[in-house]
Each structure stands twice: as structure tokens, then as C-alpha cells.
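# A closer look at the structure
So you can see what is in the structure, the chains are spelled out below.
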Amino acid sequence: MELMQIQHLSKVYGQGENQVRAVDDISFTVEKGEFLAIIGPSGSGKSTLLHILGGVDRPTSGKVFVDGQDVYAQNEDQLAIFRRRQVGLIYQFYNLIPVLNVVENMTLPVLMDGRQVNQERLEELLDVLLDVLGLRGREKHLPNQLSGGQQQRVSIGRALMNAPAVVLADEPTGNLDSKNSQEIVELLKMSNKKYGQTLVIITHDENIALQAHRVIAIEDGRITRDERIREVLE
């Protein structure tokens, strides 16, 4: 079952001689529950593509559908709600609020949406983040009291808090050592499998990409390879 449809997507910056086609007529679909890795060199357009998929950066042309919804047919207020409820965004630099502790950072998207925190889901995520990944006893710690790997785990917990349809991660292990990197990937894979969430990761790491169901390679804003490694139901 298709969760995402990307149709003839393009993103152009500048004009005339200074024009840059960051994304150039890209089309593909993503299955529900799929773990998709998008790889490519710096400047290939992969991060721009991810931001468009997440409703962060409007395309110059083309369409993005998530669960049948035309993302960019929405106004800015509707887009903000879409980002909070349908998309979990994870960045390389964590983007945690410095004055909020672990639990407060994780629940922030729910509170910003004017909704009550699902305590059962919070406890479940905390069990994973705190027990399995070694954050027990740090629930009230501020970001500057955590290591980089711990901060990234909190940012993942925040992204999963709203039970989004799709999780989009932009180089989520870029600032981490190999041990922490693999633990972060395992956490994302667990979420993908346990919750059936669709996962799209931007990475330059071939070892991470090879753990996905499918790999798309991008260069100069175009898809150069689209290869299925394993089936989604495995």
C-alpha cells in the first residue's frame, strides 16, 4: 500500500545564470511501513527533497501526496498542522529546546498542537529511550547535560511522540561515533518495525543505507538509482 506519492517534483533556486535546480523532475512512491534510504554526494539535492517531503520547503513544481493528501494544496496554517501530526522530523543537529528537559522536549509537539499528552505512549517511548538506550535517570536533564548520542535519542522520541505517518531523518548520525550511530539506526529500525511507521533517511553512509528496504541514489537533483534490497514485510 502506497503512503507517499511524489510526482514530477522540482525545486529551483535563483534565476538566469545563477539558477540552480536542486531537485529536477523527481517521481517515486513509498510504501506504508517502508524503510527508504536516500543517498548522494553533498549538494545532490537529497536534503532539499526531504524538506519538501516533510512540508518544510514548497516545491517549484510537482506534487507530494501523503496518505492521499495533497500536501502543498494546503495553506501555511494547514501545513503547520500537517507537519506536527503527520511527519516526524529528525535532524543532524538535534534541534532540542535548551531550557526544556528530556520529557518536555519529547512532548513539545503534542502540547504545541493543543492536545493532551498520551501518557501510555510517552511511557512506552521512555521505556525504550531510557532503559534500552541508557537514559534512565536523565528524564529531567537539560540538553546541555546530555551527550550528543543521548540528545539525538531525545529528538527521535520527540519525532515519534505524535505517532506520525512518516518519519524523515536528515543525516541523523552525522555527528555521532560509529557505536552511537548504529544504536540510533537500530532505534529507528525498531520504530519502523514495531509501529509500522514509514521511515525515510538521508545518509551518506552506505552501511546505513544497506540496512534499509530500499535505496534511492540522487545526483544533481535527479534519481540515478532506485534499488529494492529487501521486502517491507521481512
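So, here is what we can say about the structure in this document.

Reading the values: the criteria
- Residues numbered from 1 in each chain as written.
- Predicted model: local features only at pLDDT ≥ 70, side-chain atom pairs only at ≥ 80, totals over all residues.
- Heavy atoms only, no water.
- Pairing = 2+ DSSP bridges.
- Helix = DSSP H or I, 4+ residues; strand = E, 2+ residues; numbered from the N terminus.
- Buried < 20%, exposed > 50% of the residue type's maximum accessible area, 1.4 Å probe, protein only.
- Core = buried A, V, L, I, M, F, W, Y, C linked by side-chain atoms within 4.5 Å.
- Contact = heavy atoms within 4.5 Å.
- Axes fitted to C-alpha atoms, helices over the stretch in contact; angles between N-to-C directions.

## What about the sheet that holds strand β1 (residues 2-13)?
Adjacent strands of a sheet form backbone hydrogen bonds with each other and so pair up, either parallel or antiparallel. If you trace the four strands from one edge of the open sheet to the other, you get β2-β1-β4-β5, paired in antiparallel fashion. Both edges of this open sheet fall to β2 (20-31) and β5 (69-70), since each of them pairs with a single strand only. Note: strand β4 (residues 61-66) against β5, two bridges, orientation antiparallel. Along β5, the bridge assignment pairs V66 with Q69.

## Thoughts on unusual backbone geometry
For residues that are not glycine, phi is negative in most cases, and the peptide bond is trans in most cases. Positive phi outside glycine occurs at E171, with the angle close to 50°. Take E171: it is sitting in the loop between β7 (166-170) and α6 (178-194). Positive phi outside glycine occurs at D220, with the angle close to 50°. Its place among the elements puts D220 in the loop between β9 (214-219) and β10 (222-228). A residue is classified by how much of its surface remains accessible, and D220, at 62% relative accessible area, is exposed.

## Re the nonpolar core
With 33 residues, the main nonpolar core has I90, M106, L122, I156 and L188 as its most contacted residues. Broken down by secondary-structure element, the contributors of at least two residues to this core are β3 (35-39), α3 (102-112), α4 (119-132), α5 (148-160), β7, α6, β8 (198-202) and β9. Discounting residues that sit within four places of it in the chain, L122 has contacts with V103, M106, T107, V117 and M161. Counting 29 residues, the second largest nonpolar core, distinct from the first, contains V66, V71, V166 and I202.

## Brief notes about the sheet that holds β9
On the basis of which strands lie adjacent, the open sheet formed by six strands has the order β6-β7-β8-β3-β9-β10 and mixed pairing. What marks the edges here is a single partner per strand, and that holds for β6 (87-90) and β10. With strand direction ignored, the average angle separating the axes of adjacent strands in the sheet is 15°. Pairing of β9 with β10 involves six bridges; the strand directions are antiparallel. Counterpart to I218 in the pairing with β10 is I223. Against the sheet, helix α2 (residues 76-86) makes contact with β6 and β7, and its axis sits at roughly 80° relative to β6, the strand it touches most.

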